[in-house]
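Observations on the model geometry
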Protein chains: 2
Amino acid sequence: MTLEAELRGIVGTAQVLQGGDLAAYELDWRKRWRGRARAVVRPGSTEEVAAVVRACAAHGASIVPQGGNTGLVGASVPDDSGTQVVLHLGRLNRVREIDAANLTMTVEAGCLLQAVQEAAAGKGLLFPLSLAAEGSCTIGGNLATNAGGTQVVRYGNARELCLGLEVVTADGEVWNGLSGLRKDNTGYDLRDLFIGSEGTLGIITAATLKLHPQPGTVSTALATLDWLDAAVDFLGLAQAQLGAALTGFEVMNRFSMDLVRRHFPQLQQPLPGAAWTVLLEQSSNDRPHDAAQRFEDLLALAFERGLIGDAAVAASLEHSKTMWHLRESIPLAQSLEGLNIKHDISVPISRIPAFVRAADEALERAVPGVRPVDFGHLGDGNLHYNVQAPEGESAERFLSEREAEVNRIVYDAVMAHGGSISAEHGIGLLKREELAQRKSPVALKMMRAIKQALDPKGRMNPGRVV
Amino acid sequence: MTLEAELRGIVGTAQVLQGGDLAAYELDWRKRWRGRARAVVRPGSTEEVAAVVRACAAHGASIVPQGGNTGLVGASVPDDSGTQVVLHLGRLNRVREIDAANLTMTVEAGCLLQAVQEAAAGKGLLFPLSLAAEGSCTIGGNLATNAGGTQVVRYGNARELCLGLEVVTADGEVWNGLSGLRKDNTGYDLRDLFIGSEGTLGIITAATLKLHPQPGTVSTALATLDWLDAAVDFLGLAQAQLGAALTGFEVMNRFSMDLVRRHFPQLQQPLPGAAWTVLLEQSSNDRPHDAAQRFEDLLALAFERGLIGDAAVAASLEHSKTMWHLRESIPLAQSLEGLNIKHDISVPISRIPAFVRAADEALERAVPGVRPVDFGHLGDGNLHYNVQAPEGESAERFLSEREAEVNRIVYDAVMAHGGSISAEHGIGLLKREELAQRKSPVALKMMRAIKQALDPKGRMNPGRVV
């Protein structure tokens with residue numbers, strides 16, 4: 001029997017797609033990679049996923065697992081060989097259980113992140129993972145890439161929000177590692193090995209997630225700063241004053257805010273342009289008056305110490321959303337300005353200012369007039385340090401001629417400051433070569449040994465990560 | 001050259017111990033396992049650790065890494081073959097760096113946990129891992145066993161407090177995975193694989209740890225409850241009201257408090273005996289008056305809802321320490337009462353009451369008059385469910401005749417309630433057979449494949465975990 005016939009037998013004819021327009025499955029979100037699938041298979045249960053994996057193994061076909069296909073590093077689309085099976089998890093979209101007293105929920109991999117957030121909110125609880133693609137990305141993809149986002153400073157990455165996994169192994173066996181346990185020291189940490197492995201070790205089919213109480217009061221502010229060093233000091237002050245109530249600390253350079261001003265003039269910017277703007281958020285269960293007071297005390301203290309210039313505090317939830325909307329409009333404003341060279345880097349928070357100075361200067365030496373779009377999650381040491389062509393220059397030409405050089409300059413600066421070339425987006429296809437160059441050889445050797453141990457035939461998302 | 005001569009060449013003659021009284025290295029904390037070492041080697045640097053591992057590999061000798069030797073599952077002492085080398089990490093005890101702006105510190109594996117706490121406090125920061133053995137255990141051991149303790153409800157286990165590791169692999173190579181990064185998605189999560197692996201995959205020589213701001217105000221209370229179900233409801237209420245300010249939620253049954261009363265009559269117990277007593281702690285950066293008010297509001301609300309009976313709030317730091325001292329005296333009071341059968345289990349918090357009912361009833365059926373010493377970290381779903389012989393019966397005889405049966409009854413109840421047979425103490429020698437029986441075969445197969453991949457000769461702490 002052909003593989004296709006077997007797959008149809010497992011999931012039903014309607015769920016094996018071949019020919020026709022498969023762009024939604026074959027073309028990645030950034031439209032950088034377009035592959036060709038042997039077939040797109042859409043199983044409806046964990047057992048069907050396992051049977052599909054076994055059938056592919058028997059026929060020697062490799063598998064590309066796919067969730068919302070919103071990844072940014074080319075890990076979720078097939079190569080152009082026409083031999084890879086795309087295993088789409090979208091039909092595994094049930095919320096299996098919410099255990100409010102345990103502050104956990106168990107969901108299937110294909111649930112949209114937003115659906116997970118909403119299911120938790122429906123029980124008066126918070127699932128705090130939050131990122132721009134939340135309406136399209138799936139929780140399985142979030143876990144496979146250890147997604148970050150805007151609340152990491154308080155709640156951690158996807159990894160810290162997951163207690164247990166259900167995984168289909170490369171052999172097509174089901175590992176039921178779903179667990180509502182906050183403490184479980186029974187052997188090696190398989191959970192965290194699968195989290196962030198981008199589908200190269202097995203397929204996450206479900207997860208037990210950690211929930212948090214909903215905060216009662218959210219306070220948001222924007223503030224301007226003259227120096228990035230002041231932002232680091234301001235962050236330290238906010239951590240000391242607010243403790244765990246600090247849930248967001250974003251930073252944006254002048255050019256990134258100017259791009260929003262230029263391309264979205266209808267969005268009101270409450271503060272004038274400044275070298276740096278910080279977006280600060282507090283979430284608290286205090287009485288609203290106490291919370292507001294503490295937040296304003298912090299801003300007053302930061303002003304007294306000369307760390308911040310102007311500041312605007314959101315007077316309403318609506319106003320707070322507008323502030324976040326400014327921050328979240330930067331990626332789109334960049335696109336409207338023209339393609340740029342993107343980086344998703346992290347360095348220790350204390351070294352952020354030195355890193356930005358070093359990278360800015362080295363880039364300006366190499367490409368006079370170059371425009372860094374520098375913004376991101378300062379509270380996590382994570383910047384999206386993107387590089388826009390000099391004003392008036394062709395973006396396409398800049399990308400095609402300078403991308404390798406710009407990457408080298410930025411990543412050299414990252415490594416010199418003890419950083420990572422992929423903070424929250426993963427490795428995929430995009431950074432695989434870079435990783436092989438820059439990661440410790442001892443670590444690479446261990447990673448390859450683990451890949452060999454869990455996927456000896458190399459059929460799970462081959463060519464990605466290692 | 002003999003291995004011993006090579007080792008002396010690497011670390012110096014004084015640091016290779018052979019013959020004489022090696023009980024400190026050969027006998028475990030609970031005095032359950034006494035082995036015999038071929039030699040005890042005490043390297044003074046990471047490079048020396050790596051050289052020792054290479055020398056042992058060349059001579060085919062297996063290695064037992066040892067920190068404070070305070071583990072409870074027999075993972076840190078040699079077997080009785082006289083062929084294993086104990087690699088003692090105590091001389092790697094430098095604090096390499098504290099980066100206050102990044103809220104991180106880098107320490108060597110042999111630092112005492114208490115020294116790590118004190119070094120952080122010296123910079124006005126908090127390293128929140130806290131457990132009874134903190135004056136004797138080392139941070140390397142804490143990480144190798146993914147230690148838990150009393151503040152996990154807020155700050156997580158050792159795993160959640162570690163950003164990066166330095167590890168000597170089974171080949172004797174040094175992996176420098178020290179990192180002050182909160183976001184780093186560059187490949188498989190090797191860090192979390194070594195954390196909790198109990199020295200069976202490699203040797204942790206240093207770690208970069210996450211620090212937190214010091215809380216300004218700590219509030220502590222004891223409260224009595226008639227039912228364990230009420231404790232779960234009270235925990236939910238405390239989480240909703242206090243959010244991240246809830247830093248401790250311990251529960252103790254009547255018998256455990258009675259044991260403290262009997263063996264430490266000098267310790268004042270502010271509340272009368274009750275079916276259950278909860279120890280509750282809030283840590284906050286609010287103004288002291290606001291924090292105290294919120295804490296008392298919570299207790300008042302819990303009383304109104306009929307969840308708690310009596311309550312006592314600590315009026316001073318001294319008073320708060322006395323409350324914790326009561327809780328921490330339970331293990332010693334047990335010993336004074338006579339040996340008992342210990343368990344370190346977890347189940348989802350929501351299932352704790354049903355688990356305790358089921359285990360209590362099954363034990364009473366099997367051993368009429370049996371006395372469960374039931375206490376632990378309810379906020380993490382983790383109980384030390386220990387079992388004392390019936391009043392007047394010989395503890396030694398109870399242990400020798402009934403241990404296997406009692407373990408079976410307790411672990412059957414744990415599994416039936418979706419729990420773990422080792423919440424925070426690990427597997428070691430003690431629970432290796434139990435793990436092989438009770439862990440998912442798919443998980444065991446993956447664990448063995450990983451062990452084989454990273455330590456193909458099986459020389460790192462053999463016979464432990466897998």
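Residues numbered from 1 in each chain as written. Chains lettered and ligands numbered in written order. Predicted model: local features only at pLDDT ≥ 70, side-chain atom pairs only at ≥ 80, totals over all residues. Heavy atoms only, no water.

**Here we look at the sheet that holds strand β9 (residues 174-177) of chain B**
As a reminder of what qualifies: When DSSP locates at least two bridges between a pair of strands, those strands are taken to pair. Secondary structure is summarised from DSSP: a helix means a run of H or I of at least four residues, a strand means a run of E of at least two, and numbering begins at the N terminus for each. Axis definition: a line fitted to C-alpha atoms, over the contacting stretch in the case of helices. Angles run 0 to 180 degrees between N-to-C directions. Whether two residues are in contact is decided by their heavy atoms: any pair within 4.5 Å suffices.
The antiparallel open sheet is built from five strands, whose spatial order is β5-β6-β10-β8-β9 (chain B). Two strands lie at the open edges of the sheet, namely β5 (95-99) and β9 of chain B, each paired on one side alone. Direction aside, the axes of adjacent strands within the sheet are offset by 15° on average. Here strand β8 (residues 162-169) of chain B pairs with strand β10 (residues 202-210) of chain B via seven bridges, running antiparallel. The partner of B:Val168 across the bridge, within β10(B), is B:Ile203. Where helix α16 (residues 441-454) of chain A meets the sheet, it contacts β8 and β9 of chain B, and its direction lies at approximately 100° from that of β9(B). Across the sheet, helix α3 (residues 46-59) of chain B is in contact with β5, β8, β9 and β10 of chain B; its angle to β8(B) comes to roughly 40°.

**Side note on helix α9 (residues 254-263) of chain B**
Filter applied, for reference: Think of it in three bands: with a 1.4 Å probe and only protein chains considered, a residue is buried below 20% of the maximum accessible area for its type, exposed above 50%, and partly exposed in between.
Inspection of α9(B) places B:Phe255, B:Ser256, B:Met257, B:Leu259 and B:Val260 among the buried residues, and these make up the whole buried set. At its buried positions, α9(B) is contacted by β13 (246-253), β14 (276-284), α11 (317-328), α12 (330-337), β17 (371-377) and β18 (382-388) of chain B.

**Notes on the domain arrangement of chain A**
Residues and elements named next belong to chain A. Rules: Domain limits in this description derive from either an automatic procedure or a database domain assignment. Accessible area that two parts lose when put together, with a 1.4 Å probe and added across both, is what the buried area reports. When a carboxyl oxygen of Asp or Glu lies within 4 Å of a side-chain nitrogen of Lys or Arg, that pair is called a salt bridge.
Annotation of chain A at the domain level lists domain 1 (3-88), domain 2 (95-213) and domain 3 (217-417). Here domain 2 and domain 3 have C-alpha centroids that lie 28 Å from each other. With seven residues of domain 2 at the interface, the matching set in domain 3 holds 10 residues. Here domain 2 packs against domain 3, burying approximately 750 Å² in sum over the two surfaces, 57% of which is carbon and sulfur. Among the residues of domain 2 in contact with domain 3, Thr150, Val153 and Arg154 are the three that bury the most area, contributing 67% of the side total. At the junction of domain 2 and domain 3, the tally comes to zero salt bridges.

**A closer look at the relation of the copies chain B and chain A**
Applying a rotation about an axis and a shift along it to one chain copy brings it onto the other copy. This is how the line gets drawn: Copies overlap after least-squares fitting; the atoms used are the C-alpha atoms of residues with pLDDT of at least 70 in both.
Overlay of chain B on chain A (RMSD 0.0 Å): rotation 180°, translation along the axis 0.0 Å. Seen this way, the second copy is the image of the first under a two-fold rotation axis. Most of the interface of chain B is mirrored in chain A, where 100% of its interface residues are also at the interface.

**Considerations on the confidence of the model for chain A**
Test applied: Looking at any residue, its pLDDT shows the predictor's confidence there, from 0 to 100.
Averaged over all residues, the pLDDT of chain A equals 96, while 100% of them reach at least 70. In the model output, the complex is listed with pTM 0.97 alongside ipTM 0.97.

**Quick look at the UniProt feature "domain: FAD-binding PCMH-type" (unreviewed entry) in chain A**
What counts is decided by this rule: UniProt positions are given in the numbering used here, feature names are shortened, and annotations may be inferred rather than shown by experiment.
Under the UniProt annotation, "domain: FAD-binding PCMH-type" (unreviewed entry) lies at residues 33-214 of chain A. The span residues 33-214 of chain A carries 21% helix and 27% strand; its end-to-end C-alpha distance comes to 39 Å.

**Focus: the pairing of strand β4 (residues 84-88) of chain B**
All names here are of chain B. Counting buried positions over the five residues of β4 gives five, a clear majority of the element. Residues Gln84, Val86 and His88 of β4 are buried on one face, and the alternating residues Val85 and Leu87, pointing to the opposite face, are buried as well. In this structure, strand β2 (residues 37-41) lies alongside β4, joined through four bridges in parallel fashion. Its bridge partner being in β4, Val40 is matched across the sheet by Val86.

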